[in-house]
Amino acid sequence: MRPSTLRALKRAAELTRQNRLTEAMLIAEPVILAADSYEGDEILRWLADHATDFTGETDKEMP
């Protein structure tokens with residue numbers, strides 16, 4: 001994935017955690033739409049692996 005794409009996704013995650021979803025979408029959507037199929041696959045994997053970056057939740061240990 002291009003460094004600029006990763007930066008945009010990380011910034012979108014940060015804005016989402018701050019409840020600034022509209023701004024997050026304005027940053028992430030053009031990057032996602034411009035991706036070719038290879039980078040699109042990388043983006044999907046990154047989003048799946050980093051879902052908690054957007055929610056701010058952390059994995060809690062189960063008792």
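These numbers were taken from a predicted model, which means no experiment stands behind them.

## Some thoughts on the overall build of the protein
Then, number 1: A count of helical and extended segments in the protein gives four helices and zero strands.
Then, number 2: The secondary structure elements of the protein, listed N-terminal to C-terminal, are α-α-α-α.
Then, number 3: Expressed along its principal axes, the backbone C-alpha trace of the protein runs to roughly 45 × 25 × 15 Å.
Then, number 4: Across the 63 residues in the protein, those meeting the buried criterion constitute 25%.
Then, number 5: When contacts within the protein are restricted to residue pairs at least 6 apart in sequence, long-range pairs at least 24 apart make up 54% of them.
Then, number 6: Only carbon and sulfur atoms are counted for the fraction: they give 56% of the accessible area of the protein, which is about 4800 Å².

## With respect to the pattern of salt bridges
Then, number 1: One pass over the structure, following the stated rule, counts three salt bridges.
Then, number 2: One salt bridge in this structure joins R11 and E14, with 2.7 Å as the shortest N-O distance. Of this pair, R11 and E14 both sit in helix α1 (residues 3-17), separated by three residues, roughly a single helical turn.
Then, number 3: The partly exposed category is assigned to E14, whose relative accessible area is 31%.

## A closer look at helix α2 (residues 21-34)
Then, number 1: Given a rise of 1.5 Å per residue, 14 residues ought to cover 20 Å, and the 20 Å separating the end C-alpha atoms of α2 matches this to within 8%.
Then, number 2: Along its length, α2 reaches its greatest deviation from straightness, about 30°, at A28, and the proline P30 lies no more than four positions downstream.
Then, number 3: Three or more residues of α2 are buried, namely A24, A28 and V31.
Then, number 4: For α2, the elements touching its buried residues are α1 and α3 (37-49).

## Things to note about the packing of aromatic side chains
Then, number 1: Tallying each qualifying case throughout the model produces one aromatic pair.
Then, number 2: Plain terms: the ring middles of W46 and F54 are 6.2 Å apart, the flat faces sit at 80° to each other, and that makes the pair edge-to-face.

Thresholds, definitions, all that
- Residues numbered from 1 in each chain as written.
- Predicted model: local features only at pLDDT ≥ 70, side-chain atom pairs only at ≥ 80, totals over all residues.
- Heavy atoms only, no water.
- Helix = DSSP H or I, 4+ residues; strand = E, 2+ residues; numbered from the N terminus.
- Buried < 20%, exposed > 50% of the residue type's maximum accessible area, 1.4 Å probe, protein only.
- Contact = heavy atoms within 4.5 Å.
- Areas by Shrake-Rupley, 256 points an atom, 1.4 Å probe, with all protein chains shown as cover.
- Salt bridge = Lys/Arg side-chain N within 4 Å of Asp/Glu carboxyl O.
- Expected span 1.5 Å × (residues − 1).
- Bend = angle between axes of the 7 residues up to and from the residue.
- Phe/Tyr/Trp six-rings, centres within 6.5 Å; stacked < 30°, edge-to-face > 60°.

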